[in-house]
Amino acid sequence: MTTILNESAVSASGGLGEVLAIRGGRPLRGRVEVKGAKNLATKAMVASLLGDTPSVLRDVPDISDVKVVRSLLEVHGVTVDDGDEEGALSFDPSGAVSAHMEEIDAHAGASRIPILFCGPLLHLLGEALIPDLGGCRIGDRPINFHMDALRAFGAIVDKSYEGIRITAPNGLTGANIELPYPSVGATEQVLLTAVKAKGITELKNAAIEPEIMDLIAVLQKMGAIISYEPNRVILIEGVDRLVGYDHRAIFDRNEAASWACAALATDGEIFVGGAKQQEMLTFLNVFRKVGGWFDVREDGILFRRGGALKPVVVETDVHPGFMTDWQQPLIVALTQAEGESIVHETVYENRLGFTEALVKMGADIVVHPHGIEGGPRRVPRRELEQAAVIHGPTPLHSADIVVPDLRGGYSHVIAALTAQGESIVSGVGVISRGYEKFFAKLEALGADFDVIG
Ligand code: EPU
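Residues numbered from 1 in each chain as written. Predicted model: local features only at pLDDT ≥ 70, side-chain atom pairs only at ≥ 80, totals over all residues. Heavy atoms only, no water.

Overview of the overall build of the chain
Along the backbone of the chain there are 13 helices and 23 strands. Taking 453 residues into account, the globule formula puts the C-alpha radius of gyration at 22 Å, and the chain, at 22 Å, falls close to it. Over its C-alpha atoms, taken along the principal directions, the chain stretches across nearly 65 × 50 × 45 Å. Counting the 453 residues in the chain, one finds 58% classified as buried. At a minimum sequence separation of 6, the contacts of the chain that also span at least 24 residues come to 75%. In the chain, which carries 41 positive and 60 negative side-chain charges, the distance between the mean positions of the two groups comes to 3 Å. (Helix = DSSP H or I, 4+ residues; strand = E, 2+ residues; numbered from the N terminus. Rg over C-alpha atoms; globule rule 2.2 N^0.38 Å. Buried < 20%, exposed > 50% of the residue type's maximum accessible area, 1.4 Å probe, protein only. Contact = heavy atoms within 4.5 Å. Lys, Arg positive; Asp, Glu negative; His and termini not counted. Charge placed at Lys NZ, Arg CZ, Asp CG, Glu CD.)

Here it is in structure tokens:
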């Protein structure tokens, strides 16, 4: 029996929808739909500040990160309304104004998106204020690449006790920038700033995730001139004026991969409506090597096991590598594979902490906090990397666990659904930062759980 409270009452930071009692051991079966990607929609919403006319974004997921960015736009005077179809939002930036640090802080919540407001606000108002940044606690998550890029455009960065104030008294001018690492956020920072800076910007060592390509598509619709050159180089010719866009967000491949792994772990069968093959090629290869079976269809992809699960060695990496956001649900499935798997986390320095809860549930996982030397590797070893060595198969049993962050939290829920017995999973509100209608989707897939707090 599943009892779900009204999901709109579920908060990301406390209150209803924080604690689930999950009775596992039942395969998840059925169909879920994925909407636009969290990691595109929130950035495209920020881009609307750059246009002289209103923008419309379609397939916006109903997640708390979107609500945070909506509030931030509203405190900056942008009028946000529901669009002409379900999941569409319109943004009118004609009344945009400066906001106070306290207002920004109050609306920023646990989000890192405020940092991407810098370029558009500097173009619009000559000033941007950035509060202390949130986001998942998966490592230090510094913002040095962002600040260095803004300085290269001519911005002045002042740090104060309440946050960061950035100004551009002489306007912003195109720059030659080489990122030390192909950071997703820093690439977006450069794009959102360079499109209206004077002259040409050359960005080397750029991130090229599909969500970034979709942001480039949004900016091109607005009037930007951006070309993607070989070897991670992006050229941007600044223009004086941009207009609003009408755009359907690229699907959320992280959510699609999460449900695919849930089908593997619970030995179920899940059709992910809206999932597309092209953006998931790397994931699908690993899914197949682990023993997964999939069928790519016109309107989505069907995922299930193709036989016994097999161990793999994977390295997380920037695109076109295996995304860091895919390793957590995959590791749950790997606890059910016969043999030794290794997951090298090369992107963040603290993204394997969630495995402690899996160990509590009976998994055999050892985390090497400084990574593992040796063996054939595609990604050169980074200072900050970690590795998880997983031995399986281990039956999972119920436990009381507290979710640490978005992707780790999703994995905990899937582990509890794989385990025999009733688990109490606390802090699940954070999952609504990135998974739309999470409880309703679990229910549609036949999960047996109650929302108890
Ligand atoms: N980094 C720096 N300095 C910077 C910026 C990044 O050292 O100024 C480092 C980070 O510490 C990290 C690496 O560079 O070690 C990669 O960070 P990146 O900037 O690429 O990540 P991000 O933009 O902060 C986005 C997604 C993450 C996703 C990563 C990697 C959003 C809002 N977040 O983060 O998504 O894991 O790219 O693809 O787009 C999630 O969805 O759960 C999530 C955490």
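Here's the deal with the site of the ligand
In the vicinity of the ligand, 25 residues are found, and the nearest of them are K43, N144, S183, V184 and V347. Between the ligand and the protein, one listed contact pairs an oxygen atom with a side-chain N or O atom of K38 at 2.9 Å. Contact with the protein chains hides 92% of the accessible area of the ligand, taken as 830 Å² for the molecule alone. Class assignment of the residues belonging to the shell around the ligand gives a composition of eleven nonpolar, six polar and eight charged. Residue contributions to the shell around the ligand reach at least three from each of two domains, namely domain 1 (7-34 + 251-451) and domain 2 (38-248). (Near = heavy atom within 4 Å. Polar contact = N/O pair within 3.5 Å; in protein donor to acceptor, adjacent residues only side chain to side chain. Areas by Shrake-Rupley, 256 points an atom, 1.4 Å probe, with all protein chains shown as cover. Nonpolar A, V, L, I, M, F, W, Y, C, P; charged D, E, K, R; others polar. Domains from an automatic or database assignment.)

A short note on the sheet that holds strand β3 (residues 55-58)
Judged by pairing direction, the sheet is mixed, and its four strands sit side by side in the order β4-β5-β3-β13 without closing on themselves. Because the sheet does not close on itself, it has two edges, and the strands there are β4 (79-82) and β13 (246-248). Going from strand to strand, the sheet's axes swing by 20 degrees on average, the running direction of each strand aside. Together, β4 and β5 (89-92) form the strand contacts of helix α2 (residues 64-75), whose direction differs from that of β4 by roughly 135 degrees. (Pairing = 2+ DSSP bridges. Axes fitted to C-alpha atoms, helices over the stretch in contact; angles between N-to-C directions.)

Topic: the packing of aromatic side chains
Summed over all chains, the structure comprises 13 aromatic pairs. Aromatic pair F283 and F287: ring centres 5.8 Å apart, planes at 35 degrees, arrangement tilted. Pair noted here: F283 and F287 are both in helix α9 (residues 281-289), with a separation of four residues, about one helical turn. Note on F287: relative accessible area 1%, which makes it buried. Aromatic side chains F283 and W326 sit 5.5 Å apart centroid to centroid with 75 degrees between the ring planes, which places their arrangement in the edge-to-face category. Of this pair, F283 sits in helix α9 while W326 sits in the loop between β17 (313-315) and α10 (327-334), placing them 43 residues apart in sequence. Taking relative accessible area as the criterion, W326 reaches 1% and is therefore assigned buried. Across from the ring centre of W293, 4.0 Å away, lies the NZ or CZ of R304, which sits over that ring. When the ring centre of Y181 is taken as reference, the NZ or CZ atom of R382 above it lies at 3.9 Å. (Phe/Tyr/Trp six-rings, centres within 6.5 Å; stacked < 30°, edge-to-face > 60°. Lys NZ or Arg CZ within 6 Å of the ring centre and 35° of its normal.)

So, the nonpolar core
Note on soluble globular proteins: their nonpolar side chains tend to be buried together. The biggest cluster of nonpolar side chains holds 148 residues, and the ones touching the most others in it are I166, L219, W259, F283 and F303. Among the elements that make up this core, the one with the highest residue count is helix α8 (residues 253-266) (nine residues). When we break this core down by domain, the ones giving at least three residues each are domain 1 (7-34 + 251-451) and domain 2 (38-248). If we skip the residues at most four places from it in the chain, F303 touches A256, A260, A263, G268, E269, I270, V272, F283, L284, F287, W293 and F294. (Core = buried A, V, L, I, M, F, W, Y, C linked by side-chain atoms within 4.5 Å.)

Topic: the domain arrangement of the chain
In terms of domain boundaries, the chain breaks down into domain 1 (7-34 + 251-451) and domain 2 (38-248). With 26 residues of domain 1 at the contact, the number on the domain 2 side is 24 residues. Across the interface of domain 1 and domain 2, roughly 2100 Å² is buried in total on both sides, 49% from carbon and sulfur atoms. By the criterion of area lost to domain 2, the three top residues of domain 1 are V318, H319 and R433, representing 32% of everything that side buries. The interface formed by domain 1 and domain 2 holds two salt bridges in total. At the boundary of domain 1 and domain 2, one finds eight residue pairs in polar contact (both at pLDDT 80 or more). Within the side of domain 1 that touches domain 2, the residues separate by chemical class into nine nonpolar, six polar and eleven charged. (Buried area = accessible area lost by both parts, 1.4 Å probe. Salt bridge = Lys/Arg side-chain N within 4 Å of Asp/Glu carboxyl O.)

Remarks on the pattern of salt bridges
Evaluation of the coordinates by the stated rule reveals 33 salt bridges. With a closest N to O distance of 3.0 Å, R23 and D448 form a salt bridge. Placement of R23 in strand β1 (residues 19-23) and of D448 in strand β23 (residues 448-451) is noted, with a sequence separation of 425 residues between them.

Some thoughts on a negative patch on the surface
A contiguous patch of negative charge, built from E102, E103, D105 and E162, is present on the exposed surface. With respect to the helices and strands, E162 occurs in the loop between β7 (156-160) and β8 (163-167). Given the relative accessible area of 36%, E162 is considered partly exposed. (Patch = residues over 30% accessible without salt bridge, like charges linked within 9 Å, V, L, I, M, F, W, Y side chains within 5 Å.)

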